[in-house]
Number of protein chains: 2
Amino acid sequence: MTPSLTAARLAERHRGTLDTALETTRTRVHWSPHPENPKAYGGENTAVPGSQSVPEGAAAFEALRDTPFDLDQPALADRVGDEISPYGFRLGIDYPRADLEALLPAMRAAMPGWRAAGPELRALVCVEILARLNARTPEIAHAVMHTTGQAFMMAFQAGGPHALDRGLEAVARAYDEQTRLPERMRWAKPDKRGPVELDKEFVPVGRGVSLLIGCNTFVTWNGYPGLFASLATGNPVLVKPHPRAVLPLALTVRIARETLAEAGFDPNLVALAAEGDGEGIAKELALRPEVRIIDYTGSASFGEWLEGNATQAQVYTEKAGVNTVVIDSTDSYRAMLGNLAFSLSLYSGQMCTTPQNLLIPRDGIDTDEGRKTFTEVTADLAAAVDKLLGDDARAAAVLGAVVNPQVLERIEKAPEQGEAVLTSRAVPHADHPDATIRTPVSVALDGSSADAEGVHQAECFGPVSFAVATDSTADSIALLRRTVRERGAMSVGGYTTSPEVERELVEACLDECAQLSLNLTGSVLVNQTSAFSDLHGSGGNPAANVALVDAAFIANRFRTVEIRRQA
Amino acid sequence: MTPSLTAARLAERHRGTLDTALETTRTRVHWSPHPENPKAYGGENTAVPGSQSVPEGAAAFEALRDTPFDLDQPALADRVGDEISPYGFRLGIDYPRADLEALLPAMRAAMPGWRAAGPELRALVCVEILARLNARTPEIAHAVMHTTGQAFMMAFQAGGPHALDRGLEAVARAYDEQTRLPERMRWAKPDKRGPVELDKEFVPVGRGVSLLIGCNTFVTWNGYPGLFASLATGNPVLVKPHPRAVLPLALTVRIARETLAEAGFDPNLVALAAEGDGEGIAKELALRPEVRIIDYTGSASFGEWLEGNATQAQVYTEKAGVNTVVIDSTDSYRAMLGNLAFSLSLYSGQMCTTPQNLLIPRDGIDTDEGRKTFTEVTADLAAAVDKLLGDDARAAAVLGAVVNPQVLERIEKAPEQGEAVLTSRAVPHADHPDATIRTPVSVALDGSSADAEGVHQAECFGPVSFAVATDSTADSIALLRRTVRERGAMSVGGYTTSPEVERELVEACLDECAQLSLNLTGSVLVNQTSAFSDLHGSGGNPAANVALVDAAFIANRFRTVEIRRQA
């Protein structure tokens, strides 16, 4: 049977995108084929062919609610699902549960055909999946919003185009890595009895089933890199979503399976393993002998368990860290405060890259508005946050909703841990009266206190930050080094006008292997990284063993089999 | 102080070599800057500037004997060393033992300066080390011969130029991987309020101390890839030789330290950790928190222990497998026998790539000399081995010496395990009357016997092969698959004139991830791989988790720290 999506058609559609993606992973310039403006979607003049408009996406999401999710996947058992929107309603969707004893062999059986496709066709099929996901961005944005609590605009951008960018970056990198050796060549070694000749063939082969263990917050953004890196390198991918954030990945799996089938491949190359809340099937799946690759985003404790126990697999983890900003001095005091206020507020601090500890010398900092004491800095930052979030509608659009009860509890308990310099308030949502929305809280701590150390050296995920009074900037940098080494960091920020302090901050981050942003005062936040250009995480401190998306994230997902023949 | 080896001088000398090496890792053609003919060394017209001649190398080796090995390394404690040549004499060399509590911090302290050198200068310094090692190839060849038992020509070629080729391949790959991102760039994202701009810098940083755990057989060939991959990516390398094969790596460390110092870097970037036989310091070293990378070649049991326990480190292992040759049919019967006879005899089968199991249908094979029964094939192969090794001098030059008493014991016990179809004899050595030299032994086994399965499915390192009678070639291929999956394989061979059987062999090796050589009848053996062109091992079956030298062997030895600054 000739597939409807032929290799030639896929090449015509996507080879240009793949080439530009490849080129951009090298130049690191700004580029994306996925528009981030919702207005670019839907209608005849859309920049995304065949895409839904935002209202169409909303309607599609509503149509999914309170129905069984339809998935054409073999070996189904019963149904599970109990997602609750952080905006205050049940999704009412249930998903088929897979019979893993039957599914895993079916996935393995799909490998030879996918291997035979070769790196280019695999990449093109992946780009087609990404293009179809992009056309459904408005619907997926609603699914992301109502599983993670992200405000709509963030759910749209981070859950749609930015996640697709990271997926495409992984596909481009995977293609790149798999094509570094020639497919075939003749080798000839000079010899006095005539050249010794061999014909050599190099075939990239996948490792086995790749398990994606999804998270609750950046479901697609953190999920797509591993999913597409593994798929493009020849591995079937079993997607195990977080039980509270199934829908975005279930839609992804369905679209991937449809695309694979239309291109003539076994749809079991991508499959869903849904589970009910609290079942914990990830642990069992992670130890299955068929599972040879694991991508995980989530708690440090489970990440470390995977690294130590799933030794039959390549394990890629993004865990948790204690992100730090060292504040030494600035020539743009107001802009610094504005940038930090946004960093602390965006998605209620529920980003793995949100700053937690702000290290400020207790005797204050030099600024373009003169010397500011520790107390003044924390008060001015609190005022900047209050100003940013003063209007309820704007506050809700920045904050999104609180993703789970544990985060809410941390917000409530934070003021007990020190001197509250910014207090949290509940924000109402115009459309969703039961949404749980809170402004950030910030607590001042004494950096020389051992009790305080116990507080600021533990990760406190959510909109809670600690303003830590240090003896000096040198003391701040020493604490930064210790924090990164022992607790890890996904991001480090620094503000200074001193070349010497800047040099010391850079050396600290090179030594401890952390990504550093200096003097951010514009619209880019320390929490944000841009696909094709920025690395997300360093992979060299306890917060994560990967960086998105570098060669190390790709190169060990496949192996190369060489076939030598006497010429 | 200006270093005598400046960056400009190193670039003038070695940039061309580095560029050709880089290009060749992509084209995979035959190339080497290290001559494999001993006559190319020494004298005025040498192809290797400043090199020793073979007699000079022999004299240098003799001068090392019965003296303390001089090593300019800090933190030395007492002295150790008790190497015995497999050719029957004590080397009488002792080595300084390092005080690790002082050495490891000194090695870590060397990192910032080496990091600041950047990828190109690091690569050029590494190429200079390789060039100096090449000039000392004649001396190192004697050191390799008298620690491993390799015959002189193999010790010269595999221990010298071929090992240097693998080291240079690692340096080229390391440079390549570290320079895939720009050093610096300005990123600009269009925005209606004017472009959002950031200056970005990408700095490759090493992970920490890299530990090389040396083996007893291919001391330099298996050691140099990890050593140079780690050093070129910014890591200090602690070299822990096998207690029976210290000298080749001690010379390597000394030359590396001299070169580093002359180039203005801390010589503690490479250091030796010698130990006495039976001390087992590798286990302690492997768990040190400073150690972040481990390269290991040796037994499966210790390799698996490292993989499961040294979780603070990236662990690269080459362990052991059961290498198999499937014999189905041939149109070059004599040439096949000759090629296999050489494969089984070379260095007394003490190569990780030497075939162990020859799978032959019990009802025989079709050949250009007509149908040959199982018994005829094994008898003809035995005759081919006897012919190859009929002359004692030639036998000694092919076989080398038996590396240790365990191998000797296996040779002696082999005939008890089945029907001996080729028996071993002792070979005298003209120059070394106490050398332990033995011809190979081969034992016929019934592939349908469970007892026999226990024999041929265990690795039997040394000149012992099993001719396994199978029901059919299909049965052979099924056994091949099971062997690779469960026991691993560094190499697989196949002989067939049938396109269908060839296709099945290829599919089996793609499925089980093993390197396949088909119908080798010339001077290339299944045991041999050529740097820059062939991959050594697949990294995808239990025999090894690495392939020499691919991107995965390099990419995770360093991390990239990004520094973003508001533009």
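Residues numbered from 1 in each chain as written. Chains lettered and ligands numbered in written order. Predicted model: local features only at pLDDT ≥ 70, side-chain atom pairs only at ≥ 80, totals over all residues. Heavy atoms only, no water.

1. Topic: the relation of the copies chain A and chain B
Next up, step 1: Between the two copies, chain A and chain B, the superposition gives an RMSD of 0.0 Å; the rotation angle is 180° and the shift along the axis is 0.0 Å. Such values leave the two copies arranged in the relation of a two-fold axis. Taking the C-alpha atom as reference, chain A places A552 of chain A closest to the rotation axis, 3.3 Å from it.
Next up, step 2: With an isologous cut-off of 70% or more, the 100% of interface residues of chain A that recur at the interface of chain B puts this contact in the isologous class. (Least-squares fit on C-alpha atoms with pLDDT ≥ 70 in both. Contact = heavy atoms within 4.5 Å.)

2. Thoughts on the sheet that holds strand β11 (residues 314-318) of chain A
All names here are of chain A.
Next up, step 1: The strand order across the open sheet formed by five strands is β9-β8-β7-β10-β11, and the pairing between neighbours is parallel. Of all the strands in the sheet, just β9 (270-272) and β11 have a single pairing partner and so form its edges. On average, adjacent strands in this sheet sit at an angle of 15° to one another, irrespective of strand direction.
Next up, step 2: Where strand β10 (residues 291-297) lies against β11, five bridges are found, and the strand directions are parallel. Of the residues in β11, the one forming a bridge with Y296 is T317.
Next up, step 3: Packing against the sheet, helix α3 (residues 100-109) makes contact with β7 (209-213), β8 (237-240) and β9, and its axis sits at approximately 145° to β8.
Next up, step 4: The sheet contacts of helix α9 (residues 247-262) involve β8 and β9, and relative to β9 the element is tilted by about 145°. (Pairing = 2+ DSSP bridges. Helix = DSSP H or I, 4+ residues; strand = E, 2+ residues; numbered from the N terminus. Axes fitted to C-alpha atoms, helices over the stretch in contact; angles between N-to-C directions.)

3. Some remarks on the domain arrangement of chain A
Residues and elements named next belong to chain A.
Next up, step 1: The domains assigned to chain A are domain 1 (7-26 + 36-55 + 68-319 + 547-566) and domain 2 (324-518).
Next up, step 2: Its C-alpha centre places domain 1 at a distance of 34 Å from the equivalent point of domain 2.
Next up, step 3: Listed per partner, the contact involves 17 residues of domain 1 and 20 residues of domain 2.
Next up, step 4: Surface buried jointly by domain 1 and domain 2 totals about 1,300 Å² across both partners, of which 64% is contributed by carbon and sulfur atoms.
Next up, step 5: Considering only the side of domain 1, the residues that lose the most area to domain 2 are P86, Y87 and M154, jointly responsible for 33% of the buried surface there.
Next up, step 6: Counting across the domain 1 and domain 2 interface gives five residue pairs in polar contact (both at pLDDT 80 or more).
Next up, step 7: Residues belonging to the side of domain 1 that touches domain 2 are distributed by class as follows: seven nonpolar, eight polar and two charged. (Domains from an automatic or database assignment. Buried area = accessible area lost by both parts, 1.4 Å probe. Polar contact = N/O pair within 3.5 Å; in protein donor to acceptor, adjacent residues only side chain to side chain. Nonpolar A, V, L, I, M, F, W, Y, C, P; charged D, E, K, R; others polar.)

4. A short note on the pairing of strand β13 (residues 357-361) of chain B
Consecutive side chains of a regular strand alternate in pointing toward one face of the sheet and then the other.
All names here are of chain B.
Next up, step 1: Counting buried residues along β13, five of its five residues qualify, which places the element largely inside the surrounding structure.
Next up, step 2: Going residue by residue along β13, you find N357, L359 and P361 tucked away on one face and L358 and I360 tucked away on the opposite face as well.
Next up, step 3: By the bridge criterion, three bridges tie strand β12 (residues 324-327) to β13 in an arrangement that is parallel. Paired with T324 across the two strands is N357, which belongs to β13.
Next up, step 4: Here β13 runs beside strand β18 (residues 464-470); their pairing, made up of five bridges, is parallel. Paired with L358 across the bridge in β18 is A467. (Buried < 20%, exposed > 50% of the residue type's maximum accessible area, 1.4 Å probe, protein only.)

5. A closer look at the sheet that holds strand β8 (residues 237-240) of chain B
Residue and element names in this part refer to chain B.
Next up, step 1: If you walk across this open sheet you meet the five strands as β9-β8-β7-β10-β11, and the pairing is parallel. The two strands at the open ends of the sheet, each matched to only one other strand, are β9 (270-272) and β11 (314-318). Here the average twist between neighbouring strands, direction ignored, is 15°.
Next up, step 2: Relative to β9, β8 is paired through three bridges, and the arrangement is parallel. Bridge pairing in β9 links V237 to V270.
Next up, step 3: Across the sheet, helix α3 (residues 100-109) is in contact with β7 (209-213), β8 and β9; its angle to β8 comes to roughly 145°.
Next up, step 4: Contacting β8 and β9, helix α9 (residues 247-262) runs over the sheet at an angle of about 145° to β9.

6. A look at the side chain of R166 of chain A
Residue and element names in this part refer to chain A.
Next up, step 1: Following the sequence through the fold, R166 ends up in helix α7 (residues 161-178).
Next up, step 2: Residue R166 is classed as buried on the basis of its relative accessible area of 0%.
Next up, step 3: Ignoring any residue separated from it by four or fewer positions in sequence, one finds R166 in contact with W221, P225, T529, S530, A531, F532, D534, L535, H536, L548 and V549.

7. Here we look at the interface of chain A and chain B
Next up, step 1: Tallying the contact residues gives 71 residues for chain A and 71 residues for chain B.
Next up, step 2: For the pair chain A and chain B, the summed buried area comes to about 5,800 Å², and 49% of that belongs to carbon and sulfur atoms.
Next up, step 3: Sorting the residues of chain A by area buried against chain B places R180, R559 and R564 of chain A first, and these three jointly supply 13% of that buried surface.
Next up, step 4: Our enumeration of links across chain A and chain B arrives at 18 salt bridges.
Next up, step 5: The partner of D534 of chain B in a salt bridge is K200 of chain A, with the nearest N and O atoms 2.8 Å apart. (Salt bridge = Lys/Arg side-chain N within 4 Å of Asp/Glu carboxyl O.)

8. Describing the pattern of salt bridges
Residues and elements named next belong to chain B.
Next up, step 1: Taken as a whole, this structure holds 90 salt bridges over all chains when the rule is applied.
Next up, step 2: The partner of D19 in a salt bridge is R15, and the shortest N-O contact between them spans 2.6 Å. One end of the pair, D19, and the other, R15, are both in helix α1 (residues 7-27), four residues apart, so they sit about a helical turn from each other.
Next up, step 3: The partly exposed category is assigned to D19, whose relative accessible area is 35%.
Next up, step 4: Judged by relative accessible area, R15 falls into the partly exposed class, the value being 22%.
Next up, step 5: With its nearest N and O atoms 2.7 Å apart, the salt bridge here joins K319 to E307.

9. Section: helix α8 (residues 224-232) of chain A
Side chains that are three or four residues apart share a direction in an α-helix, a result of its 3.6 residues per turn.
All names here are of chain A.
Next up, step 1: Within α8, nine of the nine residues are buried, leaving the element largely enclosed by the surrounding structure.
Next up, step 2: Restricting attention to buried positions, one finds in α8 the residues Y224, P225, G226, L227, F228, A229, S230, L231 and A232.
Next up, step 3: Two residues or fewer after α8 comes G234, characterised by a positive phi angle close to 100°.

10. Notes on the packing of aromatic side chains
Next up, step 1: Applying the stated criterion across every chain, the model contains 20 aromatic pairs over all chains.
Next up, step 2: An angle of 55° between the planes, with centres 5.8 Å apart, marks the rings of F152 of chain B and F156 of chain B as tilted. Of the two residues, F152 of chain B and F156 of chain B are both situated in helix α6 (residues 152-159); the distance of four residues between them amounts to about one turn of the helix.
Next up, step 3: For F152 of chain B, a relative accessible area of 23% translates into the label partly exposed.
Next up, step 4: Ring geometry for F218 of chain B versus Y347 of chain B: centroids 5.5 Å apart, planes at 85°, classification edge-to-face. Here F218 of chain B is found in the loop between β7 and α8 (224-232), whereas its partner Y347 of chain B is found in the loop between α12 (333-345) and β13, with 129 residues between them in sequence.
Next up, step 5: For F218 of chain B, a relative accessible area of 8% puts it in the buried group.
Next up, step 6: Chaining the aromatic ring pairs together yields one cluster made of Y41, F152 and F156 of chain A.
Next up, step 7: Above the face of the W305 of chain A ring, K283 of chain A is positioned so that its terminal group lies 4.9 Å from the ring centre.
Next up, step 8: Between the NZ or CZ atom of R254 of chain B and the centre of the ring of F69 of chain B, over which it lies, the distance is 4.2 Å. (Phe/Tyr/Trp six-rings, centres within 6.5 Å; stacked < 30°, edge-to-face > 60°. Lys NZ or Arg CZ within 6 Å of the ring centre and 35° of its normal.)

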